[in-house]
Amino acid sequence: MRAGGRAFHGKQVFKWIHARGVTDPLAMTDLPVNVRESLGSLGLSGVAQITTMRRALDGTRKLLVSMRDGLTVETVLIPGVGQSPKGELPSPCYTEDADASAMPDDDEEEAETGKSVVRVTQCISTQVGCAMGCVFCASGVAGLKRNMDAGEIIAQVLLGRSMLDSDGAESEQLRNVVLMGMGEPLHNYANTARALRLLTHPDGIGLSSRRITVSTSGLIPEIARLGEDFGGNIGLAISLHAADDETRSRLMPINRKYPLDALMNALRAYPLPRRRRITIEYTLVAGKNDSLDEARKLAKLLRGLPVKINLIPMNPIEHSTLGPPDFSGVLAFQQLLVDAGYSCFIRRRRGDDVSAACGQLALLGAKPKIKSFLPPK
Ligand code: SAH
Ligand code: SF4
């Protein structure tokens, strides 16, 4: 280690930062003073910092995080996910709800603390902007600025953890992390995979991989890679948004490279553990993908797959006239899928009053740059 310490000092530093959230080397009291001082002069702290925090009426907190080069991303803390009545699952920036059947240890932990525990889901970003160009998405309209490195991805969790409420009768606890903020996690695979390993490292944040969900627009080779690298234990959410290729390609340019047939095969091949399901995200855009005919096609397309469906009425974004259907249309779409035998939830938007839709806060005022990632055929 360049700071002149021994190898095991590196492990201690890792624990200080990741397990305890301490980034000031001078406060790492089990390190020799000379190592603390030389680490301090190397500038250990400061991968990222919170520049703005907006708290919504429902307790959702949206943090704007600025990195060393001044670029900003957003991360959202959503309390109470998994504690709502069925059918009204809260949604962060379109987050995975906690799957109760997959979390047998929750009650034990609550009993141990003596305080009532509020579970928090954190939604994190993986890129500044996004190259995928989905037409309803603020990040897609802005285009990709750059990938985030694993340290920057993880820094969001460390910063988020430092903003959890712990005084009073309730104590917030980070329970789930979803990669559903700005960017396409699988388009930044190496850094995302490294961040997942750091997040689950037992000496660090120590999150169980089944409490982490990666959301993707459907990059087929990387879905297979994720399944192989993590044995299927990382939760998978697929942004589908249409059930026929023509409609999907119009909304999501990536569909021209990885059409629905191939995507469905990739989902069938994902080594999902028993009792887990893939989340299908379906943003409803008025007049584009919200007809009952499309719902019927969706029911047919997903037949036989272990899925649950989350319907998200589109959150309006700047520079676009697209918007959500009337709520009656959303309900009819849901009813058809429920009648077809699917678990299908309408996602309540969380933190609307703080621009909690993907990419909205970090990109407020940004000029649109419609430049999509269209890999060669
Ligand atoms: N790139 C990944 C993860 C980030 S986007 C992906 O596409 O899955 C997270 C989710 O938010 C996606 O399902 C996306 O389609 C949805 N989303 C983006 N902008 C939205 C908007 N304006 N209204 C509703 N959902 C939106
Ligand atoms: Fe990128 Fe996801 Fe937005 Fe599409 S929805 S542009 S893949 S962040």
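Further up the page is the structure itself.
Within any chain, residue numbers begin from 1 and follow the written order of that chain's sequence. Here chains are named by letter from A upward and ligands by number from 1 upward, in the order in which they appear as written. Two thresholds apply to this predicted model, a pLDDT of at least 70 for residue-level local features and 80 or more for giving and counting side-chain atom pairs, whereas whole-chain, interface and lining totals are computed over all residues. The side-chain figures draw on all heavy atoms in the structure; neither hydrogens nor water molecules are used.

Secondary structure elements are defined from DSSP: runs of H or I of at least 4 residues count as helices, runs of E of at least 2 residues count as strands, and each element is numbered from the N terminus. Looking only at helices and strands, the protein has eleven helices and 14 strands in total. The method behind every accessible area is Shrake-Rupley, applied with a 1.4 Å probe, and residues are considered shielded solely by the protein chains displayed. Of the roughly 16,000 Å² that the protein leaves accessible, carbon and sulfur atoms contribute 52%.

Take the nonpolar core next. Among the buried residues, those of types Ala, Val, Leu, Ile, Met, Phe, Trp, Tyr and Cys that are joined through side-chain atoms within 4.5 Å form a nonpolar core. The classification of residues rests on relative accessible area computed with a 1.4 Å probe and restricted to protein chains. Under 20% of the type maximum is buried, over 50% is exposed, and intermediate values are partly exposed. Among the nonpolar cores identified, the biggest contains 93 residues, and Leu226, Ile238, Leu240, Met264, Ile280, Leu302 and Leu337 are the most heavily contacted of them. It is helix H5 (residues 150-162) that contributes the most residues to this core, seven residues altogether. Split by domain, the residues of this core number at least three in each of domain 1 (1-45) and domain 2 (46-354). Residue contacts are defined here by distance: any two heavy atoms, one from each residue, within 4.5 Å place the two residues in contact. The residues touching Met264, leaving out its near neighbours within four places in the chain, are Leu240, Leu301, Leu302 and Leu305. If you look at the next biggest cluster of nonpolar residues, it comprises six residues, including Val76, Ile78, Cys123 and Ala237. Segment limits for the domains were obtained from an automatic or database-derived domain assignment.

This paragraph deals with the packing of helix H6 (residues 189-200) against helix H7 (residues 220-229). Axis lines are fitted to C-alpha atoms, over the contacting stretch for helices. Their N-to-C directions set the angle, which ranges from 0 to 180 degrees. For the pair H6 and H7, the least separation of the axes is 12 Å and the interaxial angle reads 25°. Relative to H7, H6 is oriented roughly parallel. Handedness of the crossing formed by H6 with H7: right-handed. For the pair formed by H6 and H7, the contact residues are Tyr189, Leu196 and Arg197 on the first element and Glu222, Arg225, Leu226 and Asp229 on the second. Note on residue classes: Ala, Val, Leu, Ile, Met, Phe, Trp, Tyr, Cys and Pro are nonpolar, Asp, Glu, Lys and Arg are charged, and everything else, Gly too, is polar. Taken together, the residues of the contact of H6 with H7 break down into three nonpolar, no polar and four charged. For classification, angles of less than 35 degrees are called roughly parallel, those exceeding 145 degrees roughly antiparallel, those between 65 and 115 degrees roughly perpendicular, and all remaining angles oblique. When the near helix sits turned anticlockwise from the far one by under a right angle, the crossing is termed left-handed; a clockwise turn instead gives a right-handed crossing.

Pairing between two strands is assigned when DSSP locates at least 2 bridges connecting them. Taken in spatial order, the ten strands line up as E1-E2-E3-E5-E8-E9-E10-E11-E12-E13 in an open sheet, and their pairing is mixed. Edge positions in the sheet fall to strand E1 (48-55) and strand E13 (344-346), since each has one partner strand and no second. Adjacent strand axes in the sheet meet at a mean angle of 25° when their direction is disregarded. Bridging between strand E2 (residues 61-67) and strand E3 (residues 72-79) involves six bridges; their strand directions are antiparallel. From the neighbouring strand, Val65 faces E3, where its bridge partner is Val73.

Before going further, it helps to examine the packing of aromatic side chains. Classification of ring pairs rests on two measures: the distance between centres of Phe, Tyr or Trp rings, Trp counted by its six-membered ring, which must be within 6.5 Å, and the angle between planes, read as stacked under 30 degrees, edge-to-face over 60 and tilted in between. Using the criterion set out here, one finds one aromatic pair in the structure. Centre to centre, the rings of Tyr282 and Phe333 are 5.1 Å apart; their planes meet at 40°, and the pair counts as tilted. Here the residue Tyr282 occupies a position in strand E11 (residues 278-284), and Phe333 occupies one in helix H11 (residues 327-339), the gap between them amounting to 51 residues. Assigned by exposure class, Tyr282 and Phe333 land together as buried.

Around ligand 1, the structure places 19 residues, and the nearest of them are Phe136, Ser215, Ser239, His241 and Asn315. Polar contact criterion, stated in full: a pair of N or O atoms within 3.5 Å, where within protein one must be able to donate a hydrogen and the other to accept it, and residues adjacent in sequence count only if both atoms are side-chain atoms. Within the backbone of Gly183, an N or O atom sits 2.9 Å from a nitrogen atom of ligand 1. Ser239 has a polar side-chain atom sitting 2.5 Å from an oxygen atom of ligand 1. Breaking the shell around ligand 1 down by element, the ones donating at least two residues are strand E9 (212-216) and E11. Here the shell around ligand 1 is composed, by residue class, of eight nonpolar, nine polar and two charged. One heavy atom within 4 Å of a molecule or strand makes the whole residue count as near it.

Within the structure, ligand 2 sits among Cys130, Met132, Gly133, Cys134, Cys137, Gly140, Gly183, Glu184 and Ser217. Grouping the constituent residues of the shell around ligand 2 by class yields four nonpolar, four polar and one charged.

Now for H6. Helix span is expected to be 1.5 Å times the residue number reduced by one. Spanning twelve residues, H6 covers 16 Å between terminal C-alpha atoms, matching the ideal 16 Å at 1.5 Å per step. Along H6, the positions that sit buried rather than exposed are Tyr189, Thr192, Ala193, Ala195, Leu196, Leu198 and Leu199. If you follow the buried residues of H6, they end up packed against helix H1 (7-19), H5, strand E8 (170-179), E9 and H7.

Moving on to H5. In an α-helix there are 3.6 residues to a turn, and that puts residues three or four apart on one side. The end-to-end C-alpha distance of H5 is 19 Å, a good match for the 18 Å that 13 residues give at a rise of 1.5 Å each. Across the 13 residues that make up H5, a large majority, ten, are buried. The set of residues buried in H5 consists of Ala150, Glu152, Ile153, Ile154, Ala155, Gln156, Val157, Leu158, Leu159 and Gly160.

To continue, consider the pairing of strand E10 (residues 235-239). E10 sits mainly inside the fold: five of its five residues count as buried. Where burial is concerned, the two faces of E10 agree: the one with Gly235, Ala237 and Ser239 and the one with Leu236 and Ile238 are both buried. Sheet topology note: the E9/E10 ladder contains four bridges and is parallel. Looking at the pairing, Val214 lines up with Leu236 of E10. With H7 bridging E9 and its parallel neighbour E10, the resulting β-α-β unit is right-handed. Here three bridges tie E10 to E11, and the two strands are oriented parallel to one another. Of the residues in E11, the one forming a bridge with Ser239 is Glu281. When the strands point away from the viewer, a crossover counts as right-handed if the path from the first strand over the helix to the second runs clockwise.

The values are spatial; any link to function lies outside them.
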